[in-house]
Amino acid sequence: MDGETLRTRLEADESASLSLLGSPRFLRAAAGGDPAPEPLLDAAAESEHAARETFRAWVADESDAAARAAFESVVDQEHDHRERVAAELDGWTPDDGGAGPMHAYFRGRDATVQRIAGGMVGRPLVTLRTHGRLIAFFENRDCDVAARRADLFRDLRAETAAVLDEGLALLDERCAGDEDWEAARMVAGYTIRVAGDDTADALRSLGIDPDVEE
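This report concerns the structure included in the present document.

### Regarding the overall build of the chain
Counting secondary structure elements, the chain contains nine helices and zero strands. Reading the chain from its N end, one meets helices and strands in the order α-α-α-α-α-α-α-α-α. The C-alpha atoms of the chain give 17 Å as radius of gyration, which agrees with the globular expectation for 214 residues (17 Å, within 12%). Principal-axis analysis of the C-alpha atoms places the extent of the chain at approximately 50 × 35 × 30 Å. Considering only intrachain contacts with a sequence separation of at least 6, the fraction spanning at least 24 residues in the chain is 80%. With an accessible surface of roughly 9,800 Å², the chain has 44% of that area assigned to carbon and sulfur atoms. When the 24 positive and 45 negative side-chain charges of the chain are each reduced to one mean point, those points stand 1 Å apart.

Following this line, the structure appears as structure tokens:
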């Protein structure tokens, strides 16, 4: 296996979760009800904050120098993403009420390949879908502010795609055989499923069937 084969397999194997995360239903889950700009921006800022904190924790104890440097770069990027999204809100501060299921799972990973697979492959595959849906949401609102916000998420999405590319390249360098690739596949796939399940649970709490398309 190689990085691109892993990506193709993940997108096929986890298509149900990825489809939900890229659907209008994700907006309802993220907003806690009818989609509106402020709760969606707040959820996006919280997501960027959680990612920053995860990668900061990894930097503190990662023994692989190249991986640690990559994690440091993601810390900087996620901080920048958080600040750019937060600038669209009035006086935003992080909730810090908990990592959420996906990041709680990440923070229990201590093997380098697992961290890369979860944080730099599985998570970006999730984010590409959710950012795509946020772009569509703001594109459909006819005002200059919404257009600016759509452009913001286009930029964040492109930068996230670059993290995915780097993560796949790092796995190409570190996976010595089938056992390593299988570990990467399992962690990245579970990451995607956790994100999908969390969205489905949020929808159920709102009385919405996550399996029924809108």
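### Focus on helix α1 (residues 3-13)
Because an α-helix completes one turn every 3.6 residues, residues spaced three or four positions apart along the sequence face the same direction. Listing the buried residues of α1 in full gives G3, L6 and L10. Down the axis of α1, the buried set is contained in an arc of 55°. They therefore lie on one face. More than 90 degrees from the buried face of α1, the exposed residues found are T8 and A12. On its buried face, α1 sits against α2 (15-21), α7 (112-139), α8 (144-174) and α9 (178-205).

### As for the layout of surface pockets
Over the atoms a probe the size of a water molecule is rolled, and this reveals where empty space is left. Counted as a void, the largest pocket has a volume near 960 Å³. When contributions to the lining of the largest pocket are tallied by element, the ones reaching two or more residues are α3 (24-31), α4 (37-61), α6 (100-106), α7 and α9. When residues of the lining of the largest pocket are assigned to their parent elements, the largest contribution, eleven residues, is made by α4. Its residues placed into classes, the lining of the largest pocket shows 17 nonpolar, eleven polar and ten charged. Here the second largest pocket defines a volume of roughly 180 Å³. Taken together, A16, S17, S19, L20, R25, G196, D197, A200, D201, R204, P210 and D211 make up the lining of the second largest pocket.

### Re the side chain of R185
Along the polypeptide, R185 turns up in helix α9. Dropping the residues within four chain positions of it, R185 is found in contact with L6, R9, L10 and D13.

### Focus: the packing of helix α5 (residues 65-86) against α7
The N-to-C vectors of α5 and α7 enclose an angle of 30°; their axes lie 11 Å apart at closest approach. The chirality of how α5 crosses α7 is left-handed. Of the residues in α7, those touching α5 at A67, A70, F71, V74 and E78 are T112, R115, I116, M120 and R123. The residue inventory of the contact of α5 with α7, partitioned by class, reads six nonpolar, one polar and three charged.

Definitions and limits used
- Residues numbered from 1 in each chain as written.
- Predicted model: local features only at pLDDT ≥ 70, side-chain atom pairs only at ≥ 80, totals over all residues.
- Heavy atoms only, no water.
- Helix = DSSP H or I, 4+ residues; strand = E, 2+ residues; numbered from the N terminus.
- Rg over C-alpha atoms; globule rule 2.2 N^0.38 Å.
- Contact = heavy atoms within 4.5 Å.
- Areas by Shrake-Rupley, 256 points an atom, 1.4 Å probe, with all protein chains shown as cover.
- Lys, Arg positive; Asp, Glu negative; His and termini not counted.
- Charge placed at Lys NZ, Arg CZ, Asp CG, Glu CD.
- Buried < 20%, exposed > 50% of the residue type's maximum accessible area, 1.4 Å probe, protein only.
- Arc of directions from axis to C-beta.
- 1 Å grid on protein atoms, 1.4 Å probe; cavity = no way out; pocket = protein on both sides within 12 Å on 5 of 7 lines; lining within 4 Å.
- Points joined across faces, edges and corners; volume = space filled by probe spheres on them.
- Nonpolar A, V, L, I, M, F, W, Y, C, P; charged D, E, K, R; others polar.
- Axes fitted to C-alpha atoms, helices over the stretch in contact; angles between N-to-C directions.
- Left-handed = near helix turned anticlockwise from the far one by under 90°.

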